[in-house]
Amino acid sequence: MDSHPLLKGGRKRGGDNNDDNSSSGGGGFKHGFTASEIQTLGALLEALIPSLPPTAVTGEIRSVNSEEAVFTFFTASASQPTVPDEVAELITKRGVKEAVLLMKLVMKLLSTRLGTLLICGRLCLEWKWPFIHKLAEMSLEKREKLLQTWSKESYWTSLKVVFLFLKVACCFVFFSRADEKAENPTWEAIGYKVDSREPLVNSQERRPLQKGIVECRKMNDSTLVKALEEKGLKVEEDVGQRVLKIQCDAVIVGSGCGGGVAAAILASQGHKVLVLERGNYFAPGDYSSLEGPSFDELYMSGGLLTTLDGKMTIFAGSTVGGGSAVNWSASIRTPDNVLREWSVNHKLPVFGSPDYKSAMNEVWNRIGVTVDCSEEGFQNQILRKGCEGLGLKAERVPRNSSKDHYCGSCCYGCRTGDKKGTDTTWLVDAVNQGAIILTGCKAEKFILKQDENGGRKKCVGVLATPLSNIVSKKLIIEAKISISACGSLSTPPLLIRSGLQNSNIGTNLHLHPTLLAWGYFPESTPDFKGKCYEGGIITSLHKVVSENSNVHAIIEASALGPAAFSALVPWVSGLDFKERMVKYGRTATLFSLVRDQSTGEVKKEGRVKYRLNEFDKENLKIGLKQCIRILIAAGAVEVGTYRSDGQRLKCDGVKDEEVEEFLDSVIAPGGARSRTEKWTIYGNAHQMSSCRMGASEEEGAVDENGETWEAKGLYVCDGSVLPTALGVNPMITIESTAYCISTRIAKALMEIYNEQKSEYI
């Protein structure tokens, strides 16, 4: 079986266009930092994750995991060889350009005495020559104090951003890097093991899409033409324009929840369908469950995408199957109150129609949704137990997998093949009906043709770029119908690049913001077995409901590997950080998620603006407090938030009034750029509504059929068409909406055929 080497361990993503934007550093690294700047960076990383003496390991920490492994972890430092270069490369490759420039400026200044004096003040001064030390010459203690100052900086918020950027990149590299044996020396100390289960399917079924896949990244000009023709596509070469013209009935940009469904519906009607996917194709046997390479290959921006202000991390799939390949399996039907709101208030009858309910049933059945769960994992056990202790309702969450699916690594691709994303369901149906999927292919713009009679423009296809260094030609895909299904973060920029100007394109973005709480449950806790990364990710949820039955928030369990956990966990000192990390395996994380009224915008790729309003912050805070109550009721020995000051409460012998006093101190603070000492990072994995459906051109970017108001034959079929935020995990809603839209597109295609047939006759 052909597996992808980068998912089996490896540092870089092949063919990533971002690689061309950075200069080569030493040892083959591409980051553009000078040797002195890397030395400065290494000195800061050493203060973040320092080498500590064995005497720093307390009895409590020593007994959590293997004593020898814990001692080794405590003596390890983030300044060890190649880590600073890897961090610099990650910053350069994945950071927002403004933050990268700021980071390089600060490293440059700290590499000089005058610059260090400017930034560090008296911390860099000594009573002996040379009196002013560069940062790399300062003691470890002073460097740690400097980082503590930066993390709380309320005036120079830029230094707080530098601290956050450094901390996230450092932790992500340090805890995700793996050697040739796919091992990391810290994992045993923190109680982590990589999922190593084998796929459930037999060898003949392990790559069900392979017969329909054309991997552009592996092609040159001649092999690409040959591969396309072998798949039954008509290809013409325009030598002068250096393009390949490809003809099909329908071209779909994106292969996730929307694109996968659309491909299956249209292919089933006998139409020749071509799917463009920027990411690569992976099957269960390819997945390594290694956090670093998996994020790099399967997520937008390697899983390190943030809003422009750095306040929110954004997880969005970027592979064949899109978000459905990496999501957490929750399969929740569209709530009735939301359907009423969309059909009545937003004047979109489709959401109140029998067709939509029928679509939900079709989706439910095709992706194999089950309600029962044979065995819940560590975190969901805690959620359920805590709710029971408080007399609260914990609902069972349906999943698109079997009831026996006990997999905590589906966020890195389901290595057993049990989870039914579009890559194992709808796209398989499409390929079996002749659909072709071009991977490693970026859509540049839709091709719009002006109507001769002055009417609205007509879309006649897509201009695309194969992401291969040895393919010199662009692709022009000529199609009767064109569909944008590349998600709420990519569809708006694509439409804008294509010349569309509707004001609803790229605005009204909803993100379902989340805040997290944690609780520590030692191995001695009798009621809960396993680790935080084991078992189904979401199998239970609790709705935080007001007295008048309004839902403030929903509470679910989170999937945090060691790197993601370390990037989020508060840093108040090197010692405290290492103690928190040793407890990782038995630290349960719950999150509060709200149906946001706040909105943002995304009009250029990778540049997401979003601002939380006070109403949503209040609901997040209400949910966050409920998370903590649930963790305490379940028996946590210690609980806390992920706030920058390390907020936590030891629960042994704590009185009710002390708990309430602690809960009163729980807030939903601003992000790193806020002028407060206490801040947090918000999370997001659901993006919606950035090209919302509307009853008119003023109210939406597309009509009820999913067709853009400005261009005939150009449709949107992904989460961006949802009129508002949903309030629950959106997979079922996106696929059901896509089912309705693509069914109507199929009818439109038939009308085109009939018109052409009558003209011919």
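Residues numbered from 1 in each chain as written. Predicted model: local features only at pLDDT ≥ 70, side-chain atom pairs only at ≥ 80, totals over all residues. Heavy atoms only, no water.

## Remarks on the pairing of strand β8 (residues 436–439)
Both faces of β8 are covered, namely the face carrying Ile 436 and Leu 438 and the face carrying Ile 437 and Thr 439. Pairing analysis gives four bridges linking strand β4 (residues 273–277) to β8, with the strands arranged parallel. Bridged to Leu 276 within β8 is Leu 438. (Buried < 20%, exposed > 50% of the residue type's maximum accessible area, 1.4 Å probe, protein only. Helix = DSSP H or I, 4+ residues; strand = E, 2+ residues; numbered from the N terminus. Pairing = 2+ DSSP bridges.)

## Examining the packing of helix α5 (residues 97–110) against helix α8 (residues 157–176)
Axis separation between α5 and α8 bottoms out at 10 Å; the angle between their running directions is 100°. With respect to α8, the axis of α5 lies roughly perpendicular. Taking contact as the criterion, the partners of Ala 99, Val 100, Leu 102, Met 103, Val 106 and Met 107 in α5 are, on α8, Ser 158, Val 161, Val 162, Phe 165 and Leu 166. Grouping the amino acids of the contact of α5 with α8 by side-chain chemistry returns 10 nonpolar, one polar and no charged. (Axes fitted to C-alpha atoms, helices over the stretch in contact; angles between N-to-C directions. Parallel < 35°, antiparallel > 145°, perpendicular 65-115°, else oblique. Contact = heavy atoms within 4.5 Å. Nonpolar A, V, L, I, M, F, W, Y, C, P; charged D, E, K, R; others polar.)

## Describing a nonpolar patch on the surface
On the surface, a cluster of nonpolar side chains totalling about 270 Å² of accessible area is made up of Leu 114, Leu 117 and Leu 125. Overall, the relative accessible area of 38% leaves Leu 125 in the partly exposed class. (Patch = residues over 30% accessible without salt bridge, like charges linked within 9 Å, V, L, I, M, F, W, Y side chains within 5 Å. Areas by Shrake-Rupley, 256 points an atom, 1.4 Å probe, with all protein chains shown as cover. Salt bridge = Lys/Arg side-chain N within 4 Å of Asp/Glu carboxyl O.)

## Some thoughts on unusual backbone geometry
Backbone torsion omega between Trp 129 and Pro 130 reads 10°, so that peptide bond is classified as cis. Here Pro 130 shows up in the loop between α6 (113–120) and α7 (140–152). Of note, the phi angle at Ala 182 is positive, near 60°, even though the residue is not glycine. Residue position: Ala 182 is located in the loop between α8 and α9 (187–190). The phi angle at Arg 242 is positive, at roughly 55°, despite the residue not being glycine. Looking at the secondary structure, you find Arg 242 in the loop between β2 (234–238) and β3 (243–253).

## A short note on a negative patch on the surface
A grouping of Asp 656, Glu 657, Glu 658, Glu 660, Glu 661 and Asp 664 is seen on the molecular surface, where their side chains present a negatively charged patch. Tracing the backbone through its elements, the reader meets Glu 661 in helix α22 (residues 656–664). When its relative accessible area of 58% is taken as the criterion, Glu 661 is described as exposed. (Lys, Arg positive; Asp, Glu negative; His and termini not counted. Charge placed at Lys NZ, Arg CZ, Asp CG, Glu CD.)

## Things to note about the pattern of salt bridges
Within the structure shown, the criterion is met by 35 salt bridges. For Arg 94, the salt bridge is made with Asp 296, and the minimal N-O distance between the two is 2.4 Å. With Arg 94 in helix α4 (residues 83–94) and Asp 296 in helix α12 (residues 291–298), this residue pair connects regions lying 202 residues apart in the sequence. Each of the two residues, Arg 94 as well as Asp 296, counts as buried. Here Lys 480 and Asp 249 are joined by a salt bridge, their closest N and O atoms 3.1 Å apart. Of this pair, Lys 480 sits in strand β11 (residues 474–484) while Asp 249 sits in strand β3, placing them 231 residues apart in sequence. Taken together, the shared-partner salt bridges connect Glu 60, Asp 576, Arg 580, Lys 583, Glu 638, Arg 648 and Lys 650 into one network.

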